[in-house]
Amino acid sequence: MPDIVVAEALTKTFGTLRAVDEVSFTVRRGEIFGFLGPNGAGKTTTINLLTTLMKPTSGRGMVAGFDVQREPQKVRERIGVLFQDLTLDRELTGWENLWIHGLIYGVPRGILKNRIRELLAFVELEDWAGSQVKKYSGGMQRRLQIAAALLHRPEILFLDEPTLGLDPQTRAHIWDYILSLQRNEKVTVFLTTHYMDEAERLCHRTAIIDHGRIIALGSPEELKRALGSEVVYVQLASKSLQETGRMAESLKACGEFSRVHVVRPGEISVSASRAPEAIPKIFEKAEDLTVKIREVTYHMPTLEDVFLHLTGRKLRDEEVSGMEAVRIRHRWR
Amino acid sequence: MVNPASAAYVMWYRQVKRFIRTRSRLVGAILQPIFWMIFLGLGFTSALKGAPVFGGIDYLTFFTPGVVVMAVFFTAFFSGISVIWDREFGFLKEILVAPASRTATIAGRILGDVTISMLQGVIVLTIAFLMVPNLRLLGVPLVLVAVFFTALQFTGLGIALASKLKSFEGFQLVNMLIAMPIFFLSGAFYPVNALPAPASIIAYLNPLVYGVDLSRTALTGAGFLPLTSAFAALAASSLFLLVVAVWGFKKATAE
Ligand SMILES: Nc1ncnc2c1ncn2[C@@H]1O[C@H](COP(=O)(O)OP(=O)(O)OP(=O)(O)O)[C@@H](O)[C@H]1O
Ligand SMILES: [Mg+2]
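Just so it is clear, the structure is predicted and the values come from calculations on it, not from any experiment.

A.B. asks: Residues and numbers for the packing of helix α10 (residues 207–220) of chain B against helix α11 (residues 227–250) of chain B, please.
C.D. replies: Residue and element names in this part refer to chain B. Closest axis-to-axis distance for the α10/α11 pair is 9 Å, and the angle between their directions is 140°. Both α10 and α11 take part in a crossing whose hand is left-handed. Within the contact between the two elements, α10 uses Pro207, Tyr210, Gly211, Leu214 and Thr217 and α11 uses Leu227, Ala230, Ala233, Leu234 and Ser237. Class assignment of the residues belonging to the contact of α10 with α11 gives a composition of seven nonpolar, three polar and no charged.

A.B. asks: Provide a residue-level description of the coordination of the magnesium ion (ligand 2), including the pertinent values.
C.D. replies: Residues and elements named next belong to chain A. Around the magnesium ion (ligand 2), the donor atoms from the protein are Thr44 (OG1) and Gln84 (OE1), and they sit 1.9 to 2.0 Å away. Placement of Thr44 in helix α1 (residues 43–50) and of Gln84 in the loop between β6 (79–82) and α3 (94–104) is noted, with a sequence separation of 40 residues between them. For Thr44, a relative accessible area of 26% gives the class partly exposed.

A.B. asks: Help me get a handle on the sheet that holds β6(A), residues and values and all.
C.D. replies: Residues and elements named next belong to chain A. Taken in spatial order, the six strands line up as β6-β7-β8-β3-β9-β10 in an open sheet, and their pairing is mixed. The sheet is open, and its two edges are formed by β6 and β10 (213–218), each paired on a single side. Averaged over neighbouring strand pairs, the angle between their axes works out to 15° when direction is ignored. Where strand β3 (residues 32–36) meets strand β8 (residues 188–193), five bridges bridge the pair, whose relative direction is parallel. Bridge assignment links Phe35 to a residue of β8, and that residue is Thr192.

A.B. asks: Report on the interface of chain B and chain A, specifying residues and quantitative values.
C.D. replies: Contact with chain B, which involves 28 residues of that partner, is made by 29 residues of chain A. Around 2,800 Å² of area is buried between chain B and chain A when both sides are counted, 59% of it from carbon and sulfur atoms. On the chain B side of the contact with chain A, B:Glu94, B:Val97 and B:Pro99 bury the most area, a combined 24% of that side's loss. Applying the counting rule to chain B against chain A returns five salt bridges. In this structure, A:Glu96 and B:Arg21 form a salt bridge, with 2.8 Å as the shortest nitrogen-oxygen distance. Remark: the boundary between chain B and chain A carries twelve residue pairs in polar contact (both at pLDDT 80 or more).

A.B. asks: Residue-level account of the pairing of β6(A), with values.
C.D. replies: Residues and elements named next belong to chain A. Side chains Ile79 and Val81 project from β6 onto one buried face, and the interleaved Gly80 and Leu82 project onto a second face that is buried too. Alignment of β6 against strand β7 (residues 156–160), held across four bridges, turns out to be parallel. Pairing of Leu82 across the sheet is with Leu159, part of β7.

A.B. asks: Quick rundown of a positive patch on the surface? Include the residues and the values.
C.D. replies: A grouping of A:Lys55, B:Lys164, B:Lys166 and B:Lys251 is seen on the molecular surface, where their side chains present a positively charged patch. With respect to the element layout, A:Lys55 can be found in the loop between α1 and β4 (58–63).

A.B. asks: Describe in detail the side chain of A:Ser219, supporting the description with residues and values.
C.D. replies: Mapped onto the fold, A:Ser219 is located in the loop between β10 and α8 (220–225). Not counting residues up to four positions away in its chain, the partners in contact with A:Ser219 are A:His204 and A:Arg205.

A.B. asks: Now, about the sheet that holds strand β2 (residues 17–27) of chain A: what can you tell me, with residues and values included?
C.D. replies: The strands that make up a sheet are held in pairs by hydrogen bonds between backbone atoms, and each pair lies either parallel or antiparallel. Residues and elements named next belong to chain A. Taken in spatial order, the four strands make up an open sheet running β2-β1-β4-β5, and their pairing is antiparallel. The open sheet terminates on both sides in strands that have one partner only, identified here as β2 and β5 (66–67). Examined bridge by bridge, strand β1 (residues 5–14) and β4 share five bridges and lie antiparallel to one another. In the strand pairing of β4, Ala7 is matched with Gly61.

A.B. asks: Residue-level account of the packing of aromatic side chains, with values.
C.D. replies: Tallied over the full model, the rule gives 31 aromatic pairs over all chains. Above the plane of the ring of A:Tyr195 lies A:Arg171, whose end atom (NZ or CZ) is 3.9 Å from the centre. Above the face of the B:Phe91 ring, B:Arg14 is positioned so that its terminal group lies 3.9 Å from the ring centre.

A.B. asks: So, unusual backbone geometry: which residues are in play, and what are the values?
C.D. replies: All names here are of chain A. Residue Ala9 is not a glycine yet carries a positive backbone phi of 50°. Tracing the backbone shows Ala9 in strand β1. With phi around 50°, Thr290 is a residue other than glycine that occupies positive phi space.

A.B. asks: Tell me what's going on with the nonpolar core, and back it up with residues and numbers.
C.D. replies: In terms of nonpolar packing, the biggest core is built from 151 residues, with A:Phe25, A:Val63, A:Ile104, A:Phe158, A:Phe190, B:Phe73 and B:Phe77 touching the most fellow members. Among the elements that make up this core, the one with the highest residue count is helix α3 (residues 59–81) of chain B (15 residues). Ranked by size, the runner-up nonpolar core spans 18 residues in total, among them A:Val232, A:Val270, A:Ile282 and A:Ile293.

Rules of the game
- Residues numbered from 1 in each chain as written.
- Chains lettered and ligands numbered in written order.
- Predicted model: local features only at pLDDT ≥ 70, side-chain atom pairs only at ≥ 80, totals over all residues.
- Heavy atoms only, no water.
- Axes fitted to C-alpha atoms, helices over the stretch in contact; angles between N-to-C directions.
- Helix = DSSP H or I, 4+ residues; strand = E, 2+ residues; numbered from the N terminus.
- Left-handed = near helix turned anticlockwise from the far one by under 90°.
- Contact = heavy atoms within 4.5 Å.
- Nonpolar A, V, L, I, M, F, W, Y, C, P; charged D, E, K, R; others polar.
- Donors = N, O, S within 2.8 Å, 3.2 Å for Na, K, Ca; no water.
- Buried < 20%, exposed > 50% of the residue type's maximum accessible area, 1.4 Å probe, protein only.
- Pairing = 2+ DSSP bridges.
- Buried area = accessible area lost by both parts, 1.4 Å probe.
- Salt bridge = Lys/Arg side-chain N within 4 Å of Asp/Glu carboxyl O.
- Polar contact = N/O pair within 3.5 Å; in protein donor to acceptor, adjacent residues only side chain to side chain.
- Patch = residues over 30% accessible without salt bridge, like charges linked within 9 Å, V, L, I, M, F, W, Y side chains within 5 Å.
- Areas by Shrake-Rupley, 256 points an atom, 1.4 Å probe, with all protein chains shown as cover.
- Lys, Arg positive; Asp, Glu negative; His and termini not counted.
- Charge placed at Lys NZ, Arg CZ, Asp CG, Glu CD.
- Phe/Tyr/Trp six-rings, centres within 6.5 Å; stacked < 30°, edge-to-face > 60°.
- Lys NZ or Arg CZ within 6 Å of the ring centre and 35° of its normal.
- Core = buried A, V, L, I, M, F, W, Y, C linked by side-chain atoms within 4.5 Å.

Spelled out as structure tokens, the structure:
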């Protein structure tokens, strides 16, 4: 069966910024495909290109067999989009929003009422159908938006950060929706996220994107396997950058570890095939250098580790989260 | 395939629903023209001790037809330009990725804005007849024609400008540089044909002048343009602004 999304060297520049930089990938029919990347990586821009909202600077995008630039109308007839930002009319009620959406997305009027009722039940908003959207909570607005995206039974659903800014319970709820859609309705899902747990739990395949470029692509398992089987996390007693650097150099030099990264001053991440054997070696090295270790932990690699090892940065830095909270509030206002 | 009539209908429905839903807009629609008529119209009339002014009628009677058309102008222009708000609050994206034809959705939206602007016009006209004794009832159909074209062209102008403006920063500028001159040079307050050369030329380029003059002729007989030329100018500028609006909206992207 042909791939439902094909991107070939897709590029979008804003002035001198290459927001999406020669991105190539394919999405198979029926799978959940994830775009994982930090803020500003180019995830939303990629969705805008594939959903005909923006024209690519160069490269080609095909969705459901149609070129996004040459036959945008054909593409629009086959997709559903959940935008990162709120796109509902806040002055209108939930019901009115879905009614409008249904008619501009071509749902026949005869079946629209039933369809709306079904979907309101699906996202558990029946009791709120008659209230203005501005009275909804963030999670309720997100669910209504999901209902709108599903209303016209698209072949492929683009979900831009479907759980951004939601509490853990609502996030889990939305994950269930997405999984049941893919299983029961055979909808292909393309989603973006900067939550690695979301990518791990939901996606059959994930592309990791940073600075507009895809830096890794595969199933979460494949991506993690490439790292080695375990990740050892070393915290030094001192936060001296110099000391951390010396320690990292000596770990690299001993040749036992496939990857060694300074996460931040005082913290080093090391990938190893067997942690219980690696840890004593790490202590030995520290002793040689008279570096004091505060704590050593190890875990199975996560996509977070994959990102760290590919870019030398963390996907979501704790320092960023304060700023991010502000951004989320701004978007949901 | 999306039925263009359904898409147009539902955009009309949205504009009308929003207008009815927002109580402050309805209340404003009724109070604002009453204030104009009392504070400006009656104010000048009593300051002039009811003496006849332009065209041999008292100031309130002269001013009132202009109030009707100005109210329609403001409602239409700001409804049209609210496409900026739809861009800012995201609703526009929903329309831009919809498979419905853009011509159908924008046509529906324009019709919705025209409907609420005309509703506004009818409300003000009713108030005018209750407050001002000397208006001609027979002129009403012609006033409705003026109101319709005024609504159409300023919705068009609003949408055309909104398709160019990327955020509401430009909005203040549009208000100052476009809405205010159109408003003050509309001929509602004083006859613009008597203005000195540069101002009167600008006035003739102002599409609002023709709507005001047409309804003044209809309600009082004191307009300065022949009916046919006022009508022709209205129809021509409406057509032009509509084409610009639809063209601008069809080319809109999310950038
Ligand atoms: N319309 C635009 N004009 C100029 N620059 C833009 C525009 N849209 C996006 N950018 C820039 O392109 C880059 C990629 O943005 P994009 O929104 O695609 O990132 P993202 O991966 O979705 O990030 P986030 O997690 O914050 O949503 C950013 O540096 C952003 O500032
Ligand atoms: Mg984004």
